[in-house]
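A closer look at the structure
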Amino acid sequence: QVQLVESGGGLVQPGGSLRLSCAASGRTFSGYVGWFRQAPGLEREFVATIRWTTRSTYYGDSVKGRFTIFKDNAKNTVDLQMNSLKPEDTAVYYCAHRSRLIAGLPAGERDYDYWGQGTEVTVSS
């Protein structure tokens, strides 16, 4: 099993930046690591994913050009750099892991096997 722990959430003003981290315990990352978010009253939304070995990435439309997902080899984490934040980015952010490879990059909730507990991001002035 993989235990995932997110960190880095907090309160930030519109236009600001925040960096989230996803760390794994129990085993090392493999396959894919994704970030999703869920705002109050809304369904969970795909944000970004990265294939661990090739570093291939894929983003949701609402964050393209503003968010970057990447591996931090020194920390052995998958981080999400969020720039130009907007109030509508306010949500609980979850990281997820899928070990089995598929064609393409997984963007659906059901594509992932393990989930973290989430870290809250609030964008407000």
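Residues numbered from 1 in each chain as written. Predicted model: local features only at pLDDT ≥ 70, side-chain atom pairs only at ≥ 80, totals over all residues. Heavy atoms only, no water.

The tally for this structure, following the rule as stated, stands at one disulfide. What pairs with Cys22 in a disulfide is Cys95, and their sulfur atoms sit 2.1 Å apart. Measuring handedness by torsion sign, the sulfur bridge of Cys22 and Cys95 sits at about 60° and is right-handed. One end of the pair, Cys22, is in strand S3 (residues 18-25); the other, Cys95, is in strand S9 (residues 91-98), and 73 residues separate them in sequence. The class of Cys22 is buried, set by a relative accessible area of 0%. Of the residues examined, Cys95 reaches a relative accessible area of 0% and is grouped as buried. (Disulfide = S-S within 2.5 Å. Helix = DSSP H or I, 4+ residues; strand = E, 2+ residues; numbered from the N terminus. Buried < 20%, exposed > 50% of the residue type's maximum accessible area, 1.4 Å probe, protein only.)

By size, the foremost hydrophobic cluster in this structure holds 27 residues, and its most contacted members are Trp35, Leu80, Met82 and Tyr93. Beyond its immediate chain neighbours, meaning those up to four positions away, Tyr93 contacts Glu6, Leu20, Trp35, Phe36, Arg37, Val47, Phe67, Leu80, Met82, Gly118, Thr119 and Val121. The next biggest cluster of nonpolar side chains, apart from the first, holds five residues, and it includes Tyr32, Phe46, Ala96 and Tyr112. (Core = buried A, V, L, I, M, F, W, Y, C linked by side-chain atoms within 4.5 Å. Contact = heavy atoms within 4.5 Å.)

Attention shifts here to unusual backbone geometry. For Asn76, which is not glycine, the phi dihedral falls at a positive 55°. Considering the arrangement of structural elements, one finds Asn76 in the loop between strand S7 (67-72) and strand S8 (77-82). Given a relative accessible area of 34%, Asn76 falls into the partly exposed group. Positive phi, close to 50°, is recorded for Ser84, a residue that is not glycine. Along the chain, the position of Ser84 falls in the loop between S8 and S9.

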